[in-house]
Amino acid sequence: MKIVAAKKILKANDQLAEENRHRFHAAGVFVINVLGSPGGGKTTLIEALHGRLPIKRGLAVIEGDLAGTIDADRLAARGIAAVQIATEGICHLDANMVSAASRELELEKYDWLFIENVGNLVCPAGFDLGEDLRLVLLSVPEGDDKVIKYPTVFQSSQAVIITKADLLPHFEFQVERVRQDLRKLNPNAPVFCTSAKTGEGIEEIATWLANAATGR
Ligand code: MG
Ligand code: ZN
C-alpha cells in the first residue's frame, strides 16, 4: 500500500507559495487572497474595491471556481483583467494553480492582484498561495456564529469583512458577537461592516488595504 502524507503535500505547497510571493514582490504587485462561502459577496466586494482603491497601474483578478467562467466574465465586462482557474471539483486553490494562473498575467502591469478563492470556509484556509494578506468574508445571511464554527479561516485572515450589512434589520445577526468571538481568536484583525449595495464600509477597507500595501 502506498501512503501519501498530507503534511508533505502541504510542505510542497508552502515552498511553491514562497516562490509565488517572491515573484509577486519582484513585480511590485500586492496580492490579496479572498475567502468566504459561496454567495457571500466575494466578486461583488472585488468589484466595489476596484472603484475605490488607489490604482496606478492596474488591478487583476484570479478567479477560482469548480466550473464555469461566470465571475471572470462579470469582471472582464467591467474591464478588469481576469484569469479563471477551473478547479474541476477541487474545493480550494493551491499555490500550484495560482502559479500557473499568474503566469497568464503580465504581473508588472498591476499594483493589485485579487485571488478569489473557491467559495468554502474550510480547506482554502490551509493553503498558502503566496498572498500578502487574506480577507475572509462573512455575509449577514450566513449567521453570526461562523467565527466559532470555522476558527481556522478566521484565525488565519488579516481582516474580517461582514458583507450585506444592509440586510441586518432582517436577520438575527449581531455584529458585536462576531467582534467578541474574533477578539479571542485573532485580536489584531479588524472587522469591517460593509454593504456593496449602499457602499457602507467599502472606503474603509480600501484605505486599510492601501495602508497595508504601502507598509509591505
Ligand atoms: Mg464569486
Ligand atoms: Zn478543498
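Calculation criteria
Residues numbered from 1 in each chain as written. Chains lettered and ligands numbered in written order. Predicted model: local features only at pLDDT ≥ 70, side-chain atom pairs only at ≥ 80, totals over all residues. Heavy atoms only, no water. Donors = N, O, S within 2.8 Å, 3.2 Å for Na, K, Ca; no water. Helix = DSSP H or I, 4+ residues; strand = E, 2+ residues; numbered from the N terminus. Contact = heavy atoms within 4.5 Å. Polar contact = N/O pair within 3.5 Å; in protein donor to acceptor, adjacent residues only side chain to side chain. Buried < 20%, exposed > 50% of the residue type's maximum accessible area, 1.4 Å probe, protein only. Axes fitted to C-alpha atoms, helices over the stretch in contact; angles between N-to-C directions. Parallel < 35°, antiparallel > 145°, perpendicular 65-115°, else oblique. Left-handed = near helix turned anticlockwise from the far one by under 90°. Salt bridge = Lys/Arg side-chain N within 4 Å of Asp/Glu carboxyl O. Nonpolar A, V, L, I, M, F, W, Y, C, P; charged D, E, K, R; others polar. Pairing = 2+ DSSP bridges.

Draft legend 1. The coordination of the zinc ion (ligand 2), seen in detail. Looking at the metal site, the zinc ion (ligand 2) is ligated by Cys 91 (SG), His 92 (ND1) and Cys 123 (SG), spaced 1.9 to 2.2 Å from it. Between consecutive donor residues of the zinc ion (ligand 2), the sequence gaps follow C-H-x30-C.

Draft legend 2. A look at the environment of Arg 134. For Arg 134, the position within the fold is in strand 5 (residues 133–139). Distance from Arg 134 to Val 160, taken between C-alpha atoms, is 9.0 Å for residues 26 residues apart in sequence. When residues no more than four places from it in sequence are discounted, the contact partners of Arg 134 are Asn 33, Leu 35, Pro 124, Ala 125, Phe 127, Asp 128, Ser 156, Ser 157, Gln 158 and Ala 159. Of note is the side chain of Arg 134, whose polar atom sits 3.2 Å from the backbone oxygen of Phe 127.

Draft legend 3. Molecular detail of the coordination of the magnesium ion (ligand 1). Around the magnesium ion (ligand 1), the donor atoms from the protein are Thr 43 (OG1), Asp 71 (OD) and Glu 116 (OE), and they sit 2.0 to 2.1 Å away. Ordering the donors of the magnesium ion (ligand 1) by residue number gives the pattern T-x27-D-x44-E. Linking Thr 43 in helix 2 (residues 42–50) with Glu 116 in strand 4 (residues 112–116), this pair joins segments that are 73 residues apart in sequence. Accessibility classification places Thr 43 together with Glu 116 in one group, the buried group.

Draft legend 4. Structural context of the packing of helix 2 against helix 3 (residues 70–77). Remark: helix 2 packs on helix 3, axes separated minimally by 11 Å, with the N-to-C direction vectors making an angle of 15°. By the criterion of interaxial angle, the relationship of helix 2 to helix 3 is roughly parallel. The interaxial crossing formed by helix 2 with helix 3 has right-handed handedness. Across the interface between the two elements, Thr 43, Thr 44, Ile 46 and Glu 47 of helix 2 pack against Asp 71, Arg 74 and Leu 75 of helix 3.

Draft legend 5. Spotlight on the pattern of salt bridges. Scanning the model with the defined rule gives 13 salt bridges in all. Its salt-bridge partner being Arg 74, residue Glu 47 comes within 3.1 Å of it at the nearest N-O pair. Residue Glu 47 is found in helix 2, and its partner Arg 74 is found in helix 3; the two are separated by 27 residues along the sequence. Since its relative accessible area comes to 33%, Arg 74 is described here as partly exposed. Connected via shared salt-bridge partners are Asp 144, Arg 177, Asp 181 and Lys 184.

Draft legend 6. Here's a closer look at the packing of helix 2 against helix 8 (residues 202–214). Two elements in contact, helix 2 and helix 8, have axes separated by 10 Å at closest approach and are oriented at 75°. By the angle between their axes, helix 2 is roughly perpendicular relative to helix 8. Of the residues in helix 8, those touching helix 2 at Leu 45, Ala 48 and Leu 49 are Ile 202, Ile 205, Ala 206 and Leu 209. Classifying every residue of the contact of helix 2 with helix 8 gives 7 nonpolar, no polar and no charged.

Draft legend 7. Highlighting the sheet that holds strand 6 (residues 159–163). Read from one edge of the open sheet, 7 strands run 3-2-4-1-5-6-7, paired in parallel fashion. On the outer flanks of this sheet lie strand 3 (81–86) and strand 7 (191–193), each paired with one strand and no other. When strand polarity is set aside, the average angle formed by the axes of neighbouring strands in this sheet is 20°. In this sheet, strand 5 lies alongside strand 1 (residues 30–35) in parallel orientation, the contact comprising 4 bridges. By the bridge assignment, Ile 32 is partnered in strand 5 with Leu 133. Contacts between helix 8 and the sheet are confined to strand 1, strand 4, strand 5, strand 6 and strand 7, with strand 5 contributing the most and set at about 165° to the helix.

Draft legend 8. The arrangement of the side chain of Ser 99 in detail. Mapped onto the secondary structure, Ser 99 falls in helix 4 (residues 95–102). The exposure class of Ser 99 is buried, given its relative accessible area of 7%. Aside from chain neighbours lying at most four places away, what touches Ser 99 is Asn 20 and Arg 23.

Draft legend 9. Structural detail: the pairing of strand 1. The buried fraction of strand 1 is high, at 6 of 6 residues. Taking every second residue as pointing to the same face, both faces of strand 1 are buried, with Phe 30, Ile 32 and Val 34 on one and Val 31, Asn 33 and Leu 35 on the other. As paired strands, strand 1 and strand 4 are joined by 5 bridges and run parallel to one another. In the strand pairing of strand 4, Val 34 is matched with Glu 116.

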